[in-house]
Amino acid sequence: QMQLVESGGGLVQAGGSLRLSCAASGRTFSSYAMGWVSQAPGKGREFVAGINWGGSSTYYADSVKGRFTLSRDNAKNTVYLQMNSLKLEDTAVYYCATRLSPIVVVTPTGYNYWGQGTQVTVSS
(Lines give C-alpha, C1' and ligand atoms only; values in the text may rest on other atoms or scores of the structure.)
Protein backbone atom coordinates (compact mmCIF):
# COMPACT_ATOMS: atom_id res chain seq x y z
CA GLN A 1 0.00 0.00 0.00
CA MET A 2 1.07 3.55 -0.64
CA GLN A 3 -0.76 6.66 0.49
CA LEU A 4 -0.60 9.72 -1.75
CA VAL A 5 -1.67 13.23 -0.76
CA GLU A 6 -1.75 16.03 -3.31
CA SER A 7 -1.64 19.73 -2.58
CA GLY A 8 -1.08 23.01 -4.38
CA GLY A 9 -4.14 23.27 -6.57
CA GLY A 10 -6.20 26.42 -6.83
CA LEU A 11 -7.55 29.16 -9.03
CA VAL A 12 -5.15 30.90 -11.38
CA GLN A 13 -5.45 33.17 -14.38
CA ALA A 14 -4.51 31.97 -17.83
CA GLY A 15 -0.78 32.34 -18.32
CA GLY A 16 -0.09 31.88 -14.64
CA SER A 17 1.70 29.14 -12.73
CA LEU A 18 1.01 26.60 -10.02
CA ARG A 19 3.13 23.95 -8.37
CA LEU A 20 1.44 20.74 -7.31
CA SER A 21 2.98 18.49 -4.70
CA CYS A 22 2.34 14.85 -3.92
CA ALA A 23 3.54 13.46 -0.60
CA ALA A 24 3.86 9.68 -0.41
CA SER A 25 3.97 7.33 2.55
CA GLY A 26 3.68 3.65 3.28
CA ARG A 27 6.21 2.11 0.90
CA THR A 28 9.76 2.74 -0.34
CA PHE A 29 8.98 5.79 -2.42
CA SER A 30 12.37 5.93 -4.13
CA SER A 31 11.80 2.51 -5.74
CA TYR A 32 8.78 3.53 -7.80
CA ALA A 33 7.87 5.64 -10.77
CA MET A 34 5.22 8.28 -10.18
CA GLY A 35 2.73 9.99 -12.42
CA TRP A 36 0.13 12.71 -12.68
CA VAL A 37 -3.22 12.17 -14.32
CA SER A 38 -5.89 14.79 -14.95
CA GLN A 39 -9.63 14.61 -15.27
CA ALA A 40 -11.48 17.56 -16.76
CA PRO A 41 -15.21 18.03 -16.19
CA GLY A 42 -17.20 15.53 -18.21
CA LYS A 43 -14.10 13.78 -19.54
CA GLY A 44 -12.09 10.69 -18.74
CA ARG A 45 -8.74 10.60 -17.00
CA GLU A 46 -5.72 11.56 -19.09
CA PHE A 47 -2.02 11.00 -18.53
CA VAL A 48 -0.18 14.27 -17.85
CA ALA A 49 3.38 13.40 -16.82
CA GLY A 50 5.45 10.60 -15.34
CA ILE A 51 8.87 10.24 -13.77
CA ASN A 52 10.95 7.13 -13.20
CA TRP A 53 12.15 5.94 -9.81
CA GLY A 54 15.37 7.94 -9.79
CA GLY A 55 14.11 11.05 -11.55
CA SER A 56 16.40 10.64 -14.56
CA SER A 57 13.57 10.14 -17.06
CA THR A 58 10.39 12.11 -17.47
CA TYR A 59 7.50 11.75 -19.87
CA TYR A 60 4.86 14.30 -20.79
CA ALA A 61 1.60 14.44 -22.68
CA ASP A 62 1.98 16.48 -25.87
CA SER A 63 -0.48 19.01 -24.52
CA VAL A 64 1.81 20.00 -21.62
CA LYS A 65 5.29 19.59 -23.11
CA GLY A 66 7.34 22.72 -22.65
CA ARG A 67 4.94 24.08 -20.02
CA PHE A 68 4.92 21.49 -17.21
CA THR A 69 7.93 20.08 -15.41
CA LEU A 70 7.85 16.99 -13.21
CA SER A 71 10.48 16.38 -10.56
CA ARG A 72 10.91 14.36 -7.40
CA ASP A 73 12.75 14.57 -4.11
CA ASN A 74 13.24 11.04 -2.83
CA ALA A 75 14.59 12.30 0.48
CA LYS A 76 11.24 14.00 1.09
CA ASN A 77 9.07 11.30 -0.52
CA THR A 78 7.54 13.97 -2.70
CA VAL A 79 6.95 14.65 -6.39
CA TYR A 80 6.34 18.09 -7.81
CA LEU A 81 4.50 19.19 -10.93
CA GLN A 82 5.46 22.72 -11.93
CA MET A 83 2.74 24.07 -14.21
CA ASN A 84 3.58 27.20 -16.21
CA SER A 85 1.76 29.11 -18.95
CA LEU A 86 -1.51 27.60 -17.81
CA LYS A 87 -4.37 27.47 -20.28
CA LEU A 88 -8.12 27.32 -19.81
CA GLU A 89 -8.05 23.73 -21.04
CA ASP A 90 -5.74 22.74 -18.17
CA THR A 91 -8.70 23.08 -15.80
CA ALA A 92 -9.14 19.66 -14.18
CA VAL A 93 -8.69 17.61 -11.07
CA TYR A 94 -5.08 16.44 -10.95
CA TYR A 95 -4.28 13.09 -9.38
CA CYS A 96 -0.94 11.74 -8.25
CA ALA A 97 -0.63 8.03 -8.94
CA THR A 98 1.72 5.06 -8.95
CA ARG A 99 1.76 1.45 -10.03
CA LEU A 100 4.51 0.48 -7.55
CA SER A 101 6.85 -0.20 -10.46
CA PRO A 102 10.16 1.53 -11.31
CA ILE A 103 8.93 2.03 -14.89
CA VAL A 104 6.77 5.00 -15.88
CA VAL A 105 3.19 4.21 -16.84
CA VAL A 106 1.72 6.46 -19.53
CA THR A 107 -1.88 5.23 -19.47
CA PRO A 108 -4.24 6.12 -16.63
CA THR A 109 -5.54 2.56 -16.42
CA GLY A 110 -2.04 1.35 -15.58
CA TYR A 111 -2.04 2.96 -12.16
CA ASN A 112 -3.42 1.24 -9.09
CA TYR A 113 -2.68 3.71 -6.28
CA TRP A 114 -4.20 7.16 -6.39
CA GLY A 115 -4.35 10.28 -4.29
CA GLN A 116 -7.58 12.12 -3.63
CA GLY A 117 -6.88 14.74 -6.29
CA THR A 118 -6.43 18.50 -6.25
CA GLN A 119 -8.50 20.94 -8.27
CA VAL A 120 -6.80 23.27 -10.74
CA THR A 121 -9.00 25.96 -12.23
CA VAL A 122 -7.67 28.32 -14.89
CA SER A 123 -9.70 31.45 -15.53
CA SER A 124 -9.59 33.95 -18.38
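If you're wondering where the values come from, they're calculated on a predicted model, not measured in any experiment.

Judged by pairing direction, the sheet is antiparallel, and its four strands sit side by side in the order β1-β3-β8-β7 without closing on themselves. The two strands at the open ends of the sheet, each matched to only one other strand, are β1 (3-7) and β7 (68-73). Across this sheet, the average inter-strand angle for adjacent strands is 15 degrees, counted without regard to direction. Pairing between β7 and strand β8 (residues 78-83): six bridges, direction antiparallel. By the bridge assignment for β8, D73 is matched with T78.

Turning to the pattern of salt bridges, a few remarks are in order. Using the criterion set out here, one finds two salt bridges in the structure. Notably, a salt bridge pairs D62 with K65, separated by 3.1 Å at the nearest N-O pair. Owing to a relative accessible area of 64%, D62 belongs among the exposed residues under this scheme. The salt bridge involving R67 is made with D90; its shortest N-O contact spans 2.7 Å. Of this pair, R67 sits in the loop between β6 (58-60) and β7 while D90 sits in the loop between β8 and β9 (92-98); the two residues are 23 residues apart in sequence, bridging distant segments of the chain. Accessibility classification places R67 together with D90 in one group, the buried group.

Okay, the packing of aromatic side chains next. Going through the model one piece at a time under the given rule, you end up with two aromatic pairs. Their ring planes at 85 degrees and their centres at 6.0 Å tell us that Y95 and W114 sit as a pair that is edge-to-face. Residue Y95 is found in strand β9, and its partner W114 is found in strand β10 (residues 113-114); the two are separated by 19 residues along the sequence. A residue is classified by how much of its surface remains accessible, and W114, at 26% relative accessible area, is partly exposed. Aromatic side chains Y111 and W114 sit 5.9 Å apart centroid to centroid with 70 degrees between the ring planes, which places their arrangement in the edge-to-face category. Taking the relative accessible area as the measure of exposure, Y111 reaches 7% and is therefore buried. Put simply, the rings of Y95, Y111 and W114 touch in pairs and so form one group of aromatic residues. The ring of Y95 carries R45 above its face, with NZ or CZ at 4.1 Å from the centroid. Just above the ring of F29 sits the side chain of R72; from NZ or CZ to the centre is 4.4 Å.

Cut-offs applied
Residues numbered from 1 in each chain as written. Predicted model: local features only at pLDDT ≥ 70, side-chain atom pairs only at ≥ 80, totals over all residues. Heavy atoms only, no water. Pairing = 2+ DSSP bridges. Helix = DSSP H or I, 4+ residues; strand = E, 2+ residues; numbered from the N terminus. Axes fitted to C-alpha atoms, helices over the stretch in contact; angles between N-to-C directions. Salt bridge = Lys/Arg side-chain N within 4 Å of Asp/Glu carboxyl O. Buried < 20%, exposed > 50% of the residue type's maximum accessible area, 1.4 Å probe, protein only. Phe/Tyr/Trp six-rings, centres within 6.5 Å; stacked < 30°, edge-to-face > 60°. Lys NZ or Arg CZ within 6 Å of the ring centre and 35° of its normal.

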